[in-house]
Amino acid sequence: MINKTFRLFISSTFSDFVTERDILNDKIFPVVDDFCQQRGYNFQLVDLRWGVTNESALNQNTLAICLDEVKRCRSLSPRPNFLLMMGERYGWIPIPTSISVEDFQNILSVASSEERAVLNQWYILDENAIGGEYYLKSRYGEYVNDALWGSVESEIRCALHNCIVNKLNADEKKVKEITTSATEREIFEGLLDYEGVSNNTIALFRKNYYEKDKEQGKIENLKNRIIQKMSADGCDSNIISLDYESESYSQDFADTIIKALKENISSEIERLSVEKKETEPKEELKSILDSAGVVFERVNETEKLYEYLNGESRKPLYLYGDSGSGKTTLLAQFVRNNNVKTFFSFYGLDDKSYALLSSVQKIVNEIKENYKIQKDFNVDEFNISEALYEALYSIPENEKALIVFDGFDMFHDISEIKERVIPTILPSNVKVIISSADIDIIRRFCDDNTQVLKLDWFSFDESKELFDLLLESKNRCISTEAQRKIVEATICDGATPLQLKLITEECLTWRSSDMVDMFPENVDDIAKRHILNMHLKFGHNKELVLYALALISAAPYGITEEELQMLLLRFESVRKYFMSEDRYDYNKEKLPFAVWSRLFYDLKGCLTLSRVKGLIVVKFAHQVFYRVFLKEYESYYNEATDVLISSYDNQSCYANDEKAPNVRKALAFADLLKRTADYQKLVETLADLKYVDSVIKIGNADKLMGDVKYALTKNLNGGLNGSGSPTLI
């Protein structure tokens, strides 16, 4: 599926580009976003400095978060995805957040007593980093004050510079680590370090600003490298020069950037339409395997899957295991690696895979299209079993096919489906594999002779091995006996892959000097602790964390980052927090992207970005987080549901005057109304021809018909409140 969100990272120095950033957010974004919407695309600014009063963060992760976002834009977004703006200032030079043991000892060996004192005060030995390192402590106490920290940071920077550059005569790489600005590092990550990315970039050079750094040599050198690379790649048209002293500078800036963005976006949309190739369906599973990280091979279970695939059985195979036991990862590997034509539905992989009915509709339509079958199967809740049966038996006998339904128990409509759905006897050339964490679901949908493959927990030894591999993949380990005992006590009876992943995520933050608590016994409580750590350990505002997660859990198909920026300020406690915070310029309409980005950085273990209808949406990485959040924070979930409904209710069905559909509303609004049993509003919505048109335009006609039938059923059963309702046509 093509990603239809242009995600543009904004890179520049800090205080001298405040005006340009305001113009980008207030004037340029609305114009370019409308331009994209008219063409069925979306536009998002990733600006980590807009709305922020100070670049450095309390947890010292500013640079890591910035570079993470640059990588994400480069990997997820069509081009352009990187806008760099350079003037006559070089920008903030962050001090290293970690220094190897060898380098730190060398530095101390030549440092003065004053230099040693400040370095030893702020850098602490951590032997949980493979090879050991000294890490920069988080700011605390009086050092939360930006002015005081700025003085200390300058003292540390001078000490490191004096030791590394003047006394040790270190190599160029080590010198650059302490003399390179955050902006230059972003430019290397977004442009200079990679081949073939010049056409991702728009470069703006501004001259005659009223403030200039002394070291103009660094700035000119960087500017020349940018121009040289972009020119060599034939991207001169994306190099822009403007004069700050011009009376029309602000308007020139807006006009020039809008023109450059429109031209680049138009060119990219045209390229995508010409080069568009259907992605090999199995490649869609890459995101599942990527999120799993290190994968421990399930040799025996994989062999049994191949035995079933190549055997004579005409029964479906059910894969059963506890939540988090690795069923999805195992099946994703199996589907990608086998050579049989496979039709699949993995829960949450796309907007069709959240319900059994839509999953069957998707697979039946793919079978019909792939084998050029003329018959119309017309799948609905009344003939779901018959339609799937006919589709499977329509596959040519000389064609071998595999059908996979992953997460059968999680389908939203599973309790409403009264039929068996899966044929008891399959065609001889067709195999069907279904996974479920609920044994009762398996019993309900299969007969006594159906094959069941049980996926057990990893043994203690397997768990230890996988845990160490997961840590090693992040260049971490557990070096202390006390911490090792805590981990081993948690997995002494074995563990599931999900438990190991959650334990690893927390252990990644352990320093060798930390005193740490025992892990809870079950995976739900470990997931809950992961959520609590966001404010107890990482210092995020509690209300911000809980309402962000509430919106993510309440949004039926995930939520865009732009929606999070807009909707989080709808909650009174979040709004009050930002009004009182002097680190942010309070904006009544939009949360600074940096706030969300820092939260996402620390929540990486439980969140993931995926694509739905061309949108990039945020979702929980595993169902356990939905389950835990609904159990522990139901009131937040309900409030978030109401905010989403109110937001969609007040939005147009179209993104602009050109009748481009409002994808988010068309996709999620009816599901939210069904969840809250607001049947009156559901009927009104489904009777709105503009809404109907928008749903059809995003390719969800089948779902629309299902929603209409659902509303009619509730109407006939007296589910509507009030005296009468609109007529559904």
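Values in this document were obtained by computation on a predicted structure and should not be read as measured data.

### Observations regarding the overall build of the chain
The helix and strand tally for the chain stands at 29 helices and 15 strands. For a compact globule of 729 residues, the expected C-alpha radius of gyration is about 27 Å, and the chain comes in at 28 Å, within 12% of that figure. Taken over the C-alpha atoms alone, the chain extends approximately 80 × 65 × 55 Å along its principal axes. Scored against the burial criterion, the 729 residues of the chain give a buried share of 54%. Accessible surface, the chain as shown: approximately 32100 Å² in total, 47% of it carbon and sulfur. Computed over 89 positive and 116 negative side-chain charges, the separation of the two mean positions in the chain equals 1 Å.

### Things to note about helix 22 (residues 572-580)
By the burial criterion, the buried members of helix 22 are Val574, Tyr577 and Phe578. Each buried residue of helix 22 lies within a common arc of 90° when the element is viewed along its axis, so the set occupies one face. Exposed and facing more than 90 degrees away from the buried side of helix 22 are Lys576, Met579 and Ser580. Packing partners of the buried residues in helix 22 comprise helix 20 (542-554) and helix 23 (593-602).

### A word on the confidence of the model for the chain
For the chain, per-residue confidence averages 91 on the pLDDT scale, and residues scoring 70 or more make up 94% of the total. Within the model, pLDDT remains below 50 along residues 720-729, and this stretch shows 22 contacts once partners closer than five positions in the same chain are excluded.

### Looking at the packing of helix 3 (residues 101-110) against helix 4 (residues 113-122)
Interhelical geometry of helix 3 versus helix 4 gives an angle of 150° and a closest axis separation of 8 Å. In this view, helix 3 runs roughly antiparallel relative to helix 4, as classed from their interaxial angle. Listed contacts from helix 4 to Phe104, Ile107 and Leu108 of helix 3 are Arg116, Leu119 and Asn120. Partitioned by chemical class, the residues of the contact of helix 3 with helix 4 number 4 nonpolar, 1 polar and 1 charged.

### Topic: the pairing of strand 12 (residues 430-436)
For strand 12, a buried count of 7 out of 7 residues is recorded, marking the element as mostly surrounded by other parts of the structure. The two faces of strand 12 match: Val430, Val432, Ile434 and Ser436 on one face and Lys431, Ile433 and Ser435 on the other face are all buried. Pairing of strand 9 (residues 317-320) with strand 12 involves 4 bridges; the strand directions are parallel. Opposite Leu319, over in strand 12, you have Ser435 as the bridge partner. Pairing geometry for strand 11 (residues 401-406) and strand 12, over 5 bridges, is parallel.

### Describing empty space enclosed by the protein
What the rule picks out here adds up to 4 cavities of 30 Å³ or more. The computed volume of the second largest cavity comes to approximately 50 Å³. Listed by contribution, the elements that provide at least two residues to the lining of the second largest cavity are strand 3 (82-86) and helix 7 (182-192). For the lining of the second largest cavity, a count of residues per class yields 5 nonpolar, 4 polar and 2 charged.

### Description of the environment of Asn25
Tracing the sequence through the fold places Asn25 in helix 1 (residues 18-37). According to the relative accessible area criterion, Asn25 is buried, its value standing at 9%. Asn25 sits 406 residues away from Lys431 along the chain, and the two C-alpha atoms are 53 Å apart. In this structure Asn25 touches Pro30, Leu45, Asp47, Trp50 and Lys590, once residues within four positions along its chain are discounted.

### Comments concerning the layout of surface pockets
Each pocket or cavity is described by its volume, and for the second largest pocket that value is around 890 Å³. Lining the second largest pocket are 37 residues, and of these Asp33, Glu562, Glu563, Met566 and Gln651 sit closest to its centre. Of all the secondary-structure elements, those providing two or more residues to the lining of the second largest pocket are helix 1, strand 2 (42-46), helix 21 (561-567), strand 15 (615-620), helix 25 (634-649) and helix 26 (663-675). In terms of residue count, the dominant contributor to the lining of the second largest pocket is helix 1 (7 residues). Broken down by class, the residue content of the lining of the second largest pocket amounts to 14 nonpolar, 11 polar and 12 charged.

### Some details on the pattern of salt bridges
Counting across every chain of the model gives 48 salt bridges. With its nearest N and O atoms 3.9 Å apart, the salt bridge here joins Arg476 to Glu133. Within this pair, whereas Arg476 is found in the loop between helix 16 (460-472) and helix 17 (481-490), its partner Glu133 is found in strand 6 (residues 133-136), the two being separated by 343 residues in sequence. The same class applies to Arg476 as to Glu133, namely buried. The salt bridge partner of Glu506 is Arg529, with a shortest N-O separation of 2.7 Å. With Glu506 in helix 18 (residues 497-507) and Arg529 in helix 19 (residues 523-536), the pair connects residues that are 23 residues apart, well separated along the chain. Under the relative-accessibility criterion, Arg529 is labelled buried at 15%. Salt bridges sharing common partners tie together Arg7, Asp68, Glu69, Arg72, Glu561 and Lys604.

### With respect to the sheet that holds strand 9
Ordered in space as 10-11-12-9-13, the 5 strands form an open sheet in which the pairing is parallel. If you trace the sheet from one side to the other, it starts and ends with strand 10 (341-346) and strand 13 (451-454), each paired once. Within this sheet the neighbouring strands show an average axis-to-axis angle of 15°, counted without direction.

### Let's talk about the side chain of Ser553
Within the secondary structure layout, Ser553 lies in helix 20. Ser553 gets classed as buried once you look at its relative accessible area, which sits at 5%. A distance of 2.9 Å separates a polar side-chain atom of Ser553 from the backbone oxygen of Ala550. Those residues in contact with Ser553 that lie beyond four places of it in its chain are Phe620, Tyr626, Phe629, Leu630 and Tyr637.

### So, helix 3
Those residues of helix 3 lying buried are Val101, Phe104, Ile107 and Leu108. For helix 3, the angular spread of buried residues about the axis comes to 130°, placing them on one side. Along helix 3, exposed side chains directed more than 90 degrees from the buried face belong to Glu102 and Ser109.

Thresholds, definitions, all that
- Residues numbered from 1 in each chain as written.
- Predicted model: local features only at pLDDT ≥ 70, side-chain atom pairs only at ≥ 80, totals over all residues.
- Heavy atoms only, no water.
- Helix = DSSP H or I, 4+ residues; strand = E, 2+ residues; numbered from the N terminus.
- Rg over C-alpha atoms; globule rule 2.2 N^0.38 Å.
- Buried < 20%, exposed > 50% of the residue type's maximum accessible area, 1.4 Å probe, protein only.
- Areas by Shrake-Rupley, 256 points an atom, 1.4 Å probe, with all protein chains shown as cover.
- Lys, Arg positive; Asp, Glu negative; His and termini not counted.
- Charge placed at Lys NZ, Arg CZ, Asp CG, Glu CD.
- Arc of directions from axis to C-beta.
- Contact = heavy atoms within 4.5 Å.
- pLDDT = per-residue confidence, 0-100.
- Axes fitted to C-alpha atoms, helices over the stretch in contact; angles between N-to-C directions.
- Parallel < 35°, antiparallel > 145°, perpendicular 65-115°, else oblique.
- Nonpolar A, V, L, I, M, F, W, Y, C, P; charged D, E, K, R; others polar.
- Pairing = 2+ DSSP bridges.
- 1 Å grid on protein atoms, 1.4 Å probe; cavity = no way out; pocket = protein on both sides within 12 Å on 5 of 7 lines; lining within 4 Å.
- Points joined across faces, edges and corners; volume = space filled by probe spheres on them.
- Salt bridge = Lys/Arg side-chain N within 4 Å of Asp/Glu carboxyl O.
- Polar contact = N/O pair within 3.5 Å; in protein donor to acceptor, adjacent residues only side chain to side chain.

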